[in-house]
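Each chain is listed here by its residues.
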Amino acid sequence: MSFLSFLTPAIVAAYHVVTALSAILVPVLGGAGPAAAIVVFTAAVRLCLHPLNRAQMRAQAASQQARAALAPAVAKLQRKYQNDPLRAQRETLDLYRANGVSLMPGMLHGLLQIPVFFVVYRLFVSPTVGGHPNALLGDRLFGVGLGSHLSAAFGSVGHLAVFALLLAALATLATWSSRRMRRSAPADSPAGGAAKLMPYLPYGSVLAATVLPLASGLYVATTTLWTLVERRRAMV
């Protein structure tokens, strides 16, 4: 049994929940009901995952505090082995291990959430669900099909405007996330390589929205905003 077929029942169940939400919201919000159902469903999923996220953030905060306490010792090692960067890195890792500092804090909590995010993602990109057409992608937001792509929107100014607003929102969220990552980066993190690229990773959501269906873009925007607010509240 493949990973996708294993999760199919969960995808089907999620599909029925979102369609039921849409049926409730359409009489209230009109044409915006299906899109609102995606937002509400995504927020509800993130709310259910909040305990895992909170535990993950606590683990990350504890690790960051422990690394900060060891910063003087790390600086001493870097000065001692300044002509041998690889040795300095090995000695630093040994120092962290000896003091019980996790190099990947909260990793287990993050891994446990992957199947849930996969289910929600598949729900908003798959043309079929459980062998039947995915009616969610046939719904519309301001006349734009939730299953449509940016490449098909250039023939209509109105359709293009919907995608432009979504991309602008994602770009704003990505900038917020990138700045937060820069501020929260450990002082002893390496200056080059992957560490330099990390603050640019949030902009991948903008690129993804240019090729994914509109429904997926709404999901990405909602879950990204939830993550940022959740982490912001954890810092207060």
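Note that this is a predicted model, so its numbers are computed, not measured. (Residues numbered from 1 in each chain as written. Predicted model: local features only at pLDDT ≥ 70, side-chain atom pairs only at ≥ 80, totals over all residues. Heavy atoms only, no water.)

Caption draft 1: Spotlight on the packing of helix α3 (residues 50-69) against helix α6 (residues 107-123). At a minimum axis separation of 8 Å, α3 and α6 run at an interaxial angle of 155°. Classified by the interaxial angle, the pair formed by α3 and α6 is roughly antiparallel. Crossing of α3 against α6: the hand is left-handed. Counted together, Leu52, Asn53, Ala55 and Gln56 of α3 and His109, Gly110, Leu112 and Gln113 of α6 form the full contact between these two elements. Its residues assigned to classes, the contact of α3 with α6 comprises three nonpolar, five polar and no charged. (Axes fitted to C-alpha atoms, helices over the stretch in contact; angles between N-to-C directions. Helix = DSSP H or I, 4+ residues; strand = E, 2+ residues; numbered from the N terminus. Parallel < 35°, antiparallel > 145°, perpendicular 65-115°, else oblique. Left-handed = near helix turned anticlockwise from the far one by under 90°. Contact = heavy atoms within 4.5 Å. Nonpolar A, V, L, I, M, F, W, Y, C, P; charged D, E, K, R; others polar.)

Caption draft 2: Fine view of the packing of aromatic side chains. The tally for this structure, following the rule as stated, stands at one aromatic pair. Aromatic side chains Phe124 and Tyr219 sit 6.0 Å apart centroid to centroid with 45° between the ring planes, which places their arrangement in the tilted category. Note that Phe124 is positioned in the loop between α6 and β1 (128-129) and Tyr219 in helix α10 (residues 214-235), a separation of 95 residues in sequence. Per residue, the accessibility class of Phe124 equals that of Tyr219, and both read buried. Its guanidinium or amino end placed over the ring of Tyr200, Arg182 lies 5.3 Å from that ring's centre, counting from NZ or CZ. (Phe/Tyr/Trp six-rings, centres within 6.5 Å; stacked < 30°, edge-to-face > 60°. Buried < 20%, exposed > 50% of the residue type's maximum accessible area, 1.4 Å probe, protein only. Lys NZ or Arg CZ within 6 Å of the ring centre and 35° of its normal.)

Caption draft 3: Highlighting the nonpolar core. Formed by 41 residues in total, the largest nonpolar core has its most connected members in Phe41, Leu123, Phe124 and Leu214. Those elements that provide at least two residues to this core are α1 (3-29), α2 (33-48), α6, α7 (157-184), α9 (204-209) and α10. Apart from the residues within four sequence positions on either side, Leu214 is in contact with Leu141, Val144, Gly145, Leu146, Ser148, Val162, Phe163 and Leu166. Among the nonpolar cores identified, the runner-up in size contains eight residues, and Leu70, Val74, Tyr81 and Leu95 belong to it. (Core = buried A, V, L, I, M, F, W, Y, C linked by side-chain atoms within 4.5 Å.)

Caption draft 4: View of α2. Helix length check: α2, at 16 residues, gives a terminal C-alpha distance of 22 Å against a target of 22 Å (1.5 Å per residue), a fit within 8%. Among the residues of α2, those classed as buried are Gly33, Pro34, Ala35, Ala36, Ala37, Ile38, Phe41, Thr42, Val45 and Arg46. (Expected span 1.5 Å × (residues − 1).)

Geometric descriptors of this kind do not, in isolation, establish any biological role.
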